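Residue-level structure breakdown
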Amino acid sequence: MKSISLSAILLSITAPLALADSETATIVDHITKDSINIINQPEKLMQRLFPVEGVQEEEQKEETARPVNGRMAGYRVQVFSDNNARTAKSEARSKQRIISSRFPKYQTYVIYTSPYWRLKVGDFRTQQEANNAAEELRKAFPSYSKEIRIVRDRVNIHGD
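For the protein, the helix and strand inventory stands at six helices and four strands. Its helices and strands taken in sequence order, the protein reads α-α-α-α-β-α-β-β-α-β from the N to the C terminus. Looking at the 160 residues of the protein, the share that counts as buried comes to 22%. In the form shown here, the protein has an accessible surface area of approximately 12,300 Å², with 55% of it arising from carbon and sulfur atoms.

What follows is the structure, given as structure tokens:
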């Protein structure tokens with residue numbers, strides 16, 4: 001009986017080894033079979049995978065200031081934000097007309113991002129410019145001052 005069980009054990013061990021050599025090669029075995037592998041990848045990917053100190057920091061600064069589709073990262077002054085489905089849109093438009101008539105130098109934007117209607121003013125490159133505009137708006141419209149805040153946004157680029 002011991003010889004039968006020993007032969008069964010040997011068969012169960014050697015059978016998978018025979019299959020592994022011929023039938024169950026992995027994808028890595030297949031790719032590296034000829035030992036010549038060429039990998040094509042974009043230079044930007046290589047820089048992200050193996051960054052060079054100093055160079056990457058400069059590139060990141062450039063990317064934040066680089067305009068995309070005539071727009072760049074900047075600031076706006078948010079004057080109104082509400083999610084009341086019945087009144088928010090008309091209130092945003094009403095405040096837009098009032099601010100535009102008083103401050104024609106600032107572009108105004110009524111924006112709907114579900115569920116909020118928002119009124120944003122201006123296209124400012126720096127936070128200080130946005131703070132100055134916010135102070136002007138607070139002085140001109142004291143009743144709006146509770147809602148006036150500076151927000152980061154993609155702003156339109158003006159020709160300087």
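What follows continues from the structure just given.
Ranked by internal contacts, the top residues of the largest apolar core, which has 22 residues, are V77, V79, I99 and L137. Secondary-structure elements contributing two or more residues to this core are β1 (71–82), α5 (88–102), β3 (116–124) and α6 (127–140). No other element matches the five residues that α6 contributes to this core. Setting aside its immediate chain neighbours within four residues, V79 contacts I99, L119, V121, L137, Y144, E147 and I148.

On to the packing of aromatic side chains. Evaluated as defined, the whole model comprises five aromatic pairs. With a centroid separation of 6.2 Å and an interplanar angle of 65°, the aromatic rings of F103 and F141 are classed as edge-to-face. Here F103 is found in the loop between α5 and β2 (108–113), whereas its partner F141 is found in the loop between α6 and β4 (149–156), with 38 residues between them in sequence. By the burial criterion, F103 is buried, and F141 matches it. Judged by centre distance (4.7 Å) and plane angle (40°), the rings of Y112 and W117 are tilted. With a relative accessible area of 45%, Y112 lands in the partly exposed category.

Here Q78 shows up in strand β1. The residues touching Q78, leaving out its near neighbours within four places in the chain, are R118, L119, K120, E147, I148, R149 and V151.

Next up on the list: α6. Helix length check: α6 (14 residues) gives 20 Å between terminal C-alpha atoms against 20 Å at 1.5 Å per residue, within 8%. All of the buried residues along α6 are A130, A133, A134, L137 and A140. Buried residues along α6 cover an arc of 125° about the axis, so they all sit on one side.

Attention shifts here to the side chain of Q96. Relative to the helices and strands, Q96 resides in helix α5. There is a polar contact of 3.2 Å between the side chain of Q96 and the side chain of T108.

Reading the values: the criteria
Residues numbered from 1 in each chain as written. Predicted model: local features only at pLDDT ≥ 70, side-chain atom pairs only at ≥ 80, totals over all residues. Heavy atoms only, no water. Helix = DSSP H or I, 4+ residues; strand = E, 2+ residues; numbered from the N terminus. Buried < 20%, exposed > 50% of the residue type's maximum accessible area, 1.4 Å probe, protein only. Areas by Shrake-Rupley, 256 points an atom, 1.4 Å probe, with all protein chains shown as cover. Core = buried A, V, L, I, M, F, W, Y, C linked by side-chain atoms within 4.5 Å. Contact = heavy atoms within 4.5 Å. Phe/Tyr/Trp six-rings, centres within 6.5 Å; stacked < 30°, edge-to-face > 60°. Expected span 1.5 Å × (residues − 1). Arc of directions from axis to C-beta. Polar contact = N/O pair within 3.5 Å; in protein donor to acceptor, adjacent residues only side chain to side chain.

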